[in-house]
Amino acid sequence: ERASSSLYRFPLLPVRGIPLMNHIANSWDTIWAFRPDPSDILIATYPKSGTTWTQEIVDLLLHNGDADACKRAPTPERSPFLELVAPPPIPSGIDLMKNMDPPRIIKTHLPFQLVPPAFWENKCKTIYVARNAKDNMVSYYHFACMSKTQPEPGPWEGYISKFMRGELAWGSWYDHVKGYWKEREKRNILYLFYEDMKENPRCEVERIMNYLDLSLSDEVISRIVELTSFEIMKENPMANYSCIPTHVFDNSISPFMRKGQVGDWRNHFTPEQSKMFAEDYDKKMKDVNIPFRTLI
Ligand code: A3P
């Protein structure tokens, strides 16, 4: 246990200025050279902005809402994590994909400029999900407490500073959401918001369906909306990350499926922290007009 626990809390190393876990940084050439199939679908997010939720929606859409088919394996096996490299016996995302037939639903947290260029050469469909910065940070903080793959988050106050300085794994939230936003038209990226998915899940499920050139019955769409609700996914062992051993994801500290709400930041930010954060946010985001909502 002691020997294995030393494998966790991976240090971060910069790849072209973006802090990534050491195993990922050390395998960077292989990741950068990855060639997807043109039919593969990329789901790109900053960590904790609705990745797992979107993976479940897309898998159900590709399986015409068949709940059993989407319980064939846990999320990370059904939908490989492109840049994941971890100590044995965990297979890398790229190794997993070698045994899967396209179209594969590929997850990535890489910022736009680090996505392997073959995704754009092959015109792969790409869905980006963005979540408002404050809720995204709260969720990431709780995840860093429970997940031994993350560096120690430290106290909340200092975590806010690390987030603002772009020092967390996968770098700056600000640059991440902007990077995909600026490329969305040129690269035909479907840019979604967590808050819209929460407010009107059916509308967003239909947008994803249309983007993927699928046409499912109203009844199947309703079923997918139901199956991908927070309450149902939280109880689904193939979608709630209970597959990860507790010495890696300690659900007693915070469950992976934690709250699934918009506005939980109000329970974490003091008024002073909110003010300080907002002033910095306005400076960092003044060059774009991305319609984020912190409440619905
Ligand atoms: P909270 O920590 O705020 O609860 P990711 O999949 O990108 O790691 O994001 C995880 C966040 O999405 C967690 O947020 C998790 O609870 C939330 N989430 C997962 N499935 C969800 C669903 N079906 N509906 C709403 N939120 C969901």
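Residues numbered from 1 in each chain as written. Predicted model: local features only at pLDDT ≥ 70, side-chain atom pairs only at ≥ 80, totals over all residues. Heavy atoms only, no water.

Our working rule: UniProt positions are given in the numbering used here, feature names are shortened, and annotations may be inferred rather than shown by experiment.
Going by the annotation in an unreviewed UniProt entry, the name recorded for the chain is Sulfotransferase, with Champsocephalus esox given as the source organism. Looking at the Subcellular location (unreviewed entry) heading of the UniProt record, one finds this comment for the chain: "Cytoplasm". The Sequence similarities (unreviewed entry) field of the UniProt record for the chain holds the comment "Belongs to the sulfotransferase 1 family."

Some thoughts on the overall build of the chain
Formally: Numbering goes from the N terminus for both helices and strands, where a helix is a DSSP run of H or I of at least four residues and a strand is a run of E of at least two. The globule rule is 2.2 Å times the number of residues to the power 0.38, and the radius of gyration it is compared with is taken over C-alpha atoms. Relative accessible area decides the class of each residue, using a 1.4 Å probe on protein chains only: under 20% of the type maximum gives buried, over 50% gives exposed, and in between gives partly exposed. The contact criterion used throughout is that any non-hydrogen atoms of two residues lie within 4.5 Å. The Shrake-Rupley method, run with a 1.4 Å probe, gives the accessible areas here. Residue values count only the displayed protein chains as cover. None of His or the chain ends enter the tally, which takes Lys and Arg as positive and Asp and Glu as negative. The location of each charge is read from NZ of Lys, CZ of Arg, CG of Asp or CD of Glu.
The helix and strand inventory of the chain stands at 15 helices and six strands. For the chain, the C-alpha radius of gyration of 18 Å lies close to 19 Å, the compact-globule estimate for 296 residues. Viewed in the frame of its principal axes, the chain has a C-alpha envelope of about 50 × 45 × 40 Å. Counting across all 296 residues of the chain, residues that qualify as buried make up 54%. In the chain, the share of contacts with a sequence separation of at least 24, taken over all contacts with a separation of at least 6, comes to 74%. Surface exposure of the chain reaches about 13400 Å², of which carbon and sulfur atoms provide 53%. If the 36 positive side-chain charges of the chain are averaged to one point and the 38 negative ones to another, these points end up 4 Å apart.

Examining the site of the ligand
Note the following rule: We call a residue near a molecule or strand whenever a single non-hydrogen atom of that residue lies within 4 Å of it. N or O atoms within 3.5 Å of each other form a polar contact, as long as, within protein, one can give a hydrogen and the other can take it, and as long as residues adjacent in sequence are counted only when both atoms are side-chain atoms.
Close to the ligand lie 18 residues, the nearest being Thr51, Thr52, Ser139, Tyr194 and Lys259. Between the ligand and Thr52 there is a distance of 2.5 Å, counted from an oxygen atom to a side-chain nitrogen or oxygen. Phe230 places a main-chain nitrogen or oxygen 3.5 Å from a nitrogen atom of the ligand. Contact with the protein chains covers 97% of the free accessible surface of the ligand, which is 570 Å².

Brief notes about the pairing of strand β3 (residues 41–45)
Quick reminder of the rule: Strand pairing is assigned whenever DSSP identifies at least 2 bridges connecting the two strands.
Burial analysis of β3 places five of its five residues in the buried class, the great majority of the element. What you see with β3 is no split at all: Ile41, Ile43 and Thr45 on one side and Leu42 and Ala44 on the other are buried throughout. In this sheet, strand β4 (residues 105–108) lies alongside β3 in parallel orientation, the contact comprising four bridges. Residue pairing in the sheet places Ala44 in a bridge with Thr108 of β4.

Re the nonpolar core
Counted only if it meets this: Working definition of a nonpolar core: buried Ala, Val, Leu, Ile, Met, Phe, Trp, Tyr and Cys residues. They are joined through side-chain atoms within 4.5 Å.
Judged by nonpolar contacts, the single largest core of 95 residues is most densely connected at Trp173, Tyr191, Phe277 and Phe292. No other element matches helix α8 (residues 133–146), which puts eight residues into this core. Residues contacting Trp173, with those up to four places away along its chain left out, are Tyr46, Arg131, Asn132, Ala133, Asn136, Phe163, Tyr281, Met285 and Phe292.

Thoughts on the environment of Asp218
Turning to its location among the elements, Asp218 is positioned in helix α13 (residues 218–227). Classification of Asp218 by relative accessible area gives exposed; the value is 56%. With 134 residues separating them in the primary sequence, Asp218 and Leu84 have C-alpha atoms 36 Å apart.

Description of the pairing of strand β1 (residues 12–15)
Regular strands have side chains that alternate between both faces of the sheet. Both β1 and strand β2 (residues 18–21) contribute to a ladder of four bridges, which runs antiparallel. Paired with Val15 across the bridge in β2 is Ile18. Between β1 and β2, which pair antiparallel and follow one another directly, the connecting turn spans two residues, one of which, Arg16, has a positive phi of 45°.

Things to note about the pattern of salt bridges
Applicable threshold: Whenever Lys or Arg places a side-chain nitrogen within 4 Å of a carboxyl oxygen from Asp or Glu, that contact is recorded as a salt bridge.
Across all of its chains, the model carries 23 salt bridges by this definition. Across the pair Arg35 and Glu121 runs a salt bridge, and its minimum N-O distance is 3.2 Å. Within this pair, whereas Arg35 is found in the loop between α3 (28–32) and β3, its partner Glu121 is found in helix α7 (residues 118–121), the two being separated by 86 residues in sequence. You can call Arg35 exposed: its relative accessible area is 52%.

Digging into the side chain of Arg131
You can see Arg131 is positioned in the loop between β5 (125–130) and α8. Here Arg131 sits buried without a salt bridge, and the closest side chain of opposite charge, Glu195, lies 5.0 Å off (N-O distance). Separated by 3.1 Å, the side chain of Arg131 and the backbone oxygen of Gln261 make a polar contact. Non-local contacts of Arg131, meaning those with residues more than four positions away in its chain, are made with Lys48, Ser49, Asn136, Ser139, Trp173, Tyr194, Glu195, Gln261 and Phe292.

As for the UniProt feature "domain: Sulfotransferase" (unreviewed entry) in the chain
The feature "domain: Sulfotransferase" (unreviewed entry), as given by UniProt, occupies residues 38–288 in the numbering adopted here. With 43% helix and 8% strand, residues 38–288 has its two end C-alpha atoms placed 30 Å apart.

Examining the sheet that holds β5
Formally: As a rule, the C-alpha atoms of each element are fitted with a line to give its axis, helices using only the stretch in contact, and angles between N-to-C directions run from 0 to 180 degrees.
The four strands are arranged β4-β3-β5-β6 in an open sheet whose pairing can be described as parallel. Each of the sheet's edge strands pairs with one partner strand only, and the pair in question is β4 and β6 (189–193). For this sheet, the mean inter-axis angle between neighbouring strands, taken without regard to orientation, is 20°. In the packing of helix α10 (residues 173–183) onto the sheet, the strands contacted are β3, β4, β5 and β6, and the crossing angle to β6 comes to about 135°. Running at roughly 175° to β6, helix α12 (residues 201–211) makes contact with β5 and β6 of the sheet.

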